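# A closer look at the structure
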Amino acid sequence: MGTEIKLKGDKIIEQIPAIKDKALRINLNENIYGTFSEIGAGQETVRHFFRAGGSSGTIAKAMSAYDKDFSDAIYGIEDDGRYVTESRLKKMLAHEVNLVEQRLGRDKHPSKVFFSYANTVATIDFAKQFKGHGWVGIRYQVEPDEDYNEIIIHIRFKETDAKLQQETLGILGVNLIYGAYYKYNDPKKLLRYLYDHLDKDQLEIDTINFSGPRFANVDNRLMSLQLVKNGMTDAVMFSPDGKNILPAAILYKKNILALRGSYRPVTNVNIDMYEKSLKMFLEESKVEKDNTLVIFEITLSNLRSEGEIDERDFMDRAELLCSLGQTVMISNFQEYYKVVEYFANYTKARMGLAMGVNNLVDIFDEKYYRHLSGGILEAFGKLFYRDLKVFLYPMLDENGDLITSQNLKVHPRMKELYKFFAYNGKVVDIEVFDKENLKIFSREVLKMISNGNSGWEKMLPEGISELIIEHQLFGYDPNKVLEKA
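How each quantity is defined
- Numbering of residues starts from 1 in each chain and follows the order in which that chain's sequence is written.
- Since the coordinates come from a predicted model, pLDDT governs what is reported: local features require at least 70, and pairs of side-chain atoms require 80 or more to be given and counted, while whole-chain, interface and lining totals use all residues.
- Side-chain figures throughout are based on the complete set of non-hydrogen atoms in the structure, without hydrogens or water.
- Counting from the N terminus, the helices are DSSP H or I runs at least four residues long and the strands are E runs at least two residues long.
- Type-normalised accessible area, obtained with a 1.4 Å probe on protein chains alone, sets the label of each residue: buried when under 20%, exposed when over 50%, and partly exposed for intermediate values.
- When checking whether two residues touch, look at their non-hydrogen atoms; a contact exists if any pair is within 4.5 Å.
- With residues, only the protein chains shown are counted as cover, and all accessible areas are computed by Shrake-Rupley using a 1.4 Å probe.
- Taken from the helix axis, the directions to the C-beta atoms give the arc we talk about.
- Between any two strands, at least two bridges found by DSSP are needed for them to pair.
- Convention adopted: a line fitted to C-alpha atoms gives each axis, helices being fitted over their contacting stretch, and angles between N-to-C directions are expressed from 0 to 180 degrees.
- Reported orientations rely on four angle classes, namely roughly parallel under 35 degrees, roughly antiparallel over 145, roughly perpendicular from 65 to 115, and oblique for the rest.
- The handedness criterion is simple: a crossing whose near helix is rotated anticlockwise from the far helix by less than a right angle is left-handed, and one whose near helix is rotated clockwise is right-handed.
- Under the convention adopted here, Pro, Cys and the residues Ala, Val, Leu, Ile, Met, Phe, Trp and Tyr are nonpolar, Asp, Glu, Lys and Arg are charged, and Gly plus all remaining residues are polar.
- The aromatic pairing rule takes the rings of Phe, Tyr and Trp, using the six-membered ring of Trp, and pairs them if the centres are within 6.5 Å, calling planes under 30 degrees apart stacked, those over 60 edge-to-face and the rest tilted.
- By the criterion adopted, a ring carries a charge over it if an Arg CZ or a Lys NZ lies within 6 Å of its centre and within 35 degrees of its normal.
- Residues belong to a common nonpolar core when they are buried Ala, Val, Leu, Ile, Met, Phe, Trp, Tyr or Cys residues joined through side-chain atoms within 4.5 Å.

Moving on to the overall build of the chain. Scanning the chain from terminus to terminus reveals 17 helices and 18 strands. Referenced to the eigenvectors of the C-alpha coordinate spread, the extents of the chain come out at roughly 80 × 60 × 55 Å. The proportion of buried residues among the 485 residues of the chain is 52%. Taking the contacts inside the chain whose residues are at least 6 apart along the sequence as the reference set, 72% of them involve residues at least 24 apart. With an accessible surface of roughly 23900 Å², the chain has 50% of that area assigned to carbon and sulfur atoms.

Listed below in structure tokens is the structure:
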């Protein structure tokens, strides 16, 4: 046998094991042993393990509790009566792991590492109105005497055929189980490998959470960022306690007020804009306080410094916003109309966007809409056709004069278009504001922090400067400050 020929210019190709090989590798490991419970799309994942051969050493039980009464009898009744939920999936995983522990004694199986794989899924409906989605997860051990780890994901199907969706789910399930055992030391890679033998236009993963001893150092917000960065989903959200939340669940039928910014760092301007626009939004008809959600949105293009996404910097911003009790969204929507379209998937209620004058002038720049066949008119149709208002925060020009919706300058060609929206009450000024804030710019604050200057602290909301100093965020260096002193 001669050595393998390598040609000049050859690129290294990563070898991705076939789905059958992944299932077989797990089947042939005499220590991996557990259960499969799949509700809603058939036994799509376990089928691969049965077919690969050697499955009797891996599969303790496979089941589908298809009937709702059977499912309730096994896992209990959900408070909201729904079946395709995270809480249902967690009950399934906990129940099945308990059974494995009860039925398979450690004395008889000292070296076995147990797992429970589960999914609860709704595939596309007969009328093809509802695309389908589901929760998929695994609870598993890496060592026999170790506590369980857990990986839980939420998926949305993009295919329009139930059979194709079932096949996609089966492949995803194998990738998840294989990744859980063979890639747990590198969660970022594990995430990417979930798409082995799958395409982004087959499946969207919009939420992921890792927990357990092997993932003790994993920040799930950073994992969320990977989902957007890798193009697996368009937007992810975190609650104020820093947990990943499912956008569909939190946006459903809500009135939404969104504030886009770089928040690098969050300043008094941002908070003043938030407080004043929220007050105005709540005074609108059809807007109820209990049904209103405020979202601080950071677009991915805002996270790129020198073309690469700075994860540390991202975590700094998310941490500060969450500490102020805010819900944070990271998206890859560069244009505002895409944000509004995204929200409109989940709610028909009234929406508001709070922004500064600069942002609004930008929206009226045609260059952002060249890719649309209907150009800026198509974008504005999508933006303002909805029940939407823009709450505009003023700015000072270079002469110190106040610029509002009444005197801002857009491109001459856009003048009449702008007037149309302003006169129709789609753009309203925030008239009550703190004038001192108009002199605050986050990029200046950032420069002061990294240069070790003083005085920036009072430009930020209460408690934020302390966090920046304590955690040394945004390049804060106590040594620089000491040198200056």
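What follows picks up the thread again.
The next point concerns helix α13 (residues 375-384). Those residues of α13 lying buried are Gly 375, Ile 376, Ala 379, Phe 380, Leu 383 and Phe 384. The arc enclosing the buried residues of α13, seen along the axis, measures out at 130°, which places them on a common side.

With that out of the way, let us pick up the sheet that holds strand β14 (residues 351-356). Across the sheet, which stays open at both edges, the 8 strands sit in the order β8-β7-β13-β10-β9-β14-β15-β18 with mixed pairing between neighbours. The open sheet has two edge strands, β8 (244-245) and β18 (427-429), and neither has a second partner. Pairing analysis gives 2 bridges linking strand β7 (residues 235-238) to β8, with the strands arranged antiparallel. Residue Phe 238 lies in a different strand from β8, and its bridge partner there is Asn 244.

Okay, the pairing of strand β15 (residues 388-393) next. Summarising burial for β15: 5 of the 6 residues are buried, a large majority. Relative to β15, β14 is paired through 6 bridges, and the arrangement is parallel. Looking across to β15, one finds that Gly 356 is bridged to Tyr 393. In this structure, β15 lies alongside β18, joined through 3 bridges in parallel fashion. Bridge pairing links Leu 392 to Asp 429 in β18.

Bringing the packing of helix α11 (residues 336-344) against α13 into the picture now. Helices that pack against each other are described as a pair by the angle of their axes relative to one another and the distance between those axes. One way to put it is that α11 packs onto α13 with a least axis distance of 8 Å and a crossing angle of 40°. Relative to α13, the element α11 is oriented oblique. In this structure, α11 crosses over α13, and the sense of that crossing is left-handed. Between α11 and α13, the residues in contact are Tyr 336, Tyr 337, Val 340 and Glu 341 and Ala 379, Lys 382 and Leu 383, respectively. Counted by class, the contact of α11 with α13 contains 5 nonpolar, no polar and 2 charged residues.

A word on helix α14 (residues 415-423). Of the positions making up α14, those classed as buried are Leu 417, Tyr 418, Phe 421 and Ala 422. With its buried residues spanning 130° around the axis, α14 presents them on a single face. Opposite the packed face of α14, turned more than 90 degrees from it, sit the exposed residues Glu 416 and Tyr 423. Where α14 is buried, its residues touch α12 (357-363), α13 and β18.

Judged by pairing direction, the sheet is mixed, and its 6 strands sit side by side in the order β2-β1-β3-β4-β5-β6 without closing on themselves. Because the sheet does not close on itself, it has two edges, and the strands there are β2 (59-63) and β6 (203-211). Taking each pair of neighbouring strands and ignoring which way they run, the sheet shows an average axis angle of 10°. Judged from the 4 bridges that link them, strand β1 (residues 32-39) and β2 form a sheet pairing that is parallel.

Across residues other than glycine, the phi torsion is negative in most instances, and most of the peptide bonds are trans. Between Arg 264 and the following residue, Pro 265, the backbone shows a cis peptide bond with an omega angle of 0°. Along the chain, Pro 265 turns up in the loop between β9 (255-260) and α9 (268-283). The backbone phi angle of Gln 472 is positive, close to 50°, even though this residue is not glycine. Accessibility expressed as a relative area gives 46% for Gln 472, which makes it partly exposed.

We now examine the packing of aromatic side chains. The geometry of an aromatic ring pair comes down to the distance between the two centres and the angle between the two planes. Applying the stated criterion across every chain, the model contains 22 aromatic pairs. Aromatic pair Phe 36 and Phe 49: ring centres 5.2 Å apart, planes at 50°, arrangement tilted. Taken together, the positions of Phe 36 in strand β1 and Phe 49 in helix α2 (residues 44-52) put the pair 13 residues apart, joining distant regions of the chain. Classification of Phe 49 by relative accessible area gives buried; the value is 0%. Note on Tyr 263 and Phe 296: the rings are 5.3 Å apart at their centroids and 55° apart in plane angle, and the pair reads as tilted. Taken as a pair, Tyr 263 in the loop between β9 and α9 and Phe 296 in strand β10 (residues 292-299) lie far apart in primary sequence, 33 residues in all. Pair check on accessibility: Tyr 263 and Phe 296 agree, each one buried. Site record: aromatic cluster; members linked through ring pairs are Tyr 337, Phe 364, Tyr 369, Phe 380, Tyr 418, Phe 420 and Phe 421. Lying across the ring of Tyr 33, Lys 112 places its NZ or CZ 5.5 Å from the centre.

What follows deals with the environment of Tyr 418. By the secondary structure assignment, Tyr 418 is in helix α14. Sequence separation between Tyr 418 and Leu 190 is 228 residues; the distance between their C-alpha atoms is 48 Å. Apart from the residues lying within four places of it in its own chain, the contact partners of Tyr 418 are Leu 360, Phe 364, Ser 405, Leu 408, Val 410 and Val 427.

Attention now goes to the side chain of Ser 277. Its place among the elements puts Ser 277 in helix α9. Not counting residues up to four positions away in its chain, the partners in contact with Ser 277 are Leu 257, Leu 259, Ala 354, Phe 391 and Ile 430.

Time to look at the nonpolar core. Core analysis: the biggest nonpolar cluster contains 91 residues, and Ile 151 and Ile 468 have the highest contact counts within it. The element that contributes the greatest number of residues to this core is helix α5 (residues 162-182), accounting for 9 residues. Residues contacting Ile 468, with those up to four places away along its chain left out, are Pro 265, Leu 320, Ile 449, Trp 456, Leu 460, Leu 473, Phe 474 and Tyr 476.

Position of Arg 221 relative to the elements: it lies in helix α7 (residues 220-229). The class of Arg 221 is buried, set by a relative accessible area of 12%. Apart from the residues within four sequence positions on either side, Arg 221 is in contact with Phe 238, Gly 242, Asn 244, Phe 314, Met 315, Ala 318, Glu 319 and Cys 322.

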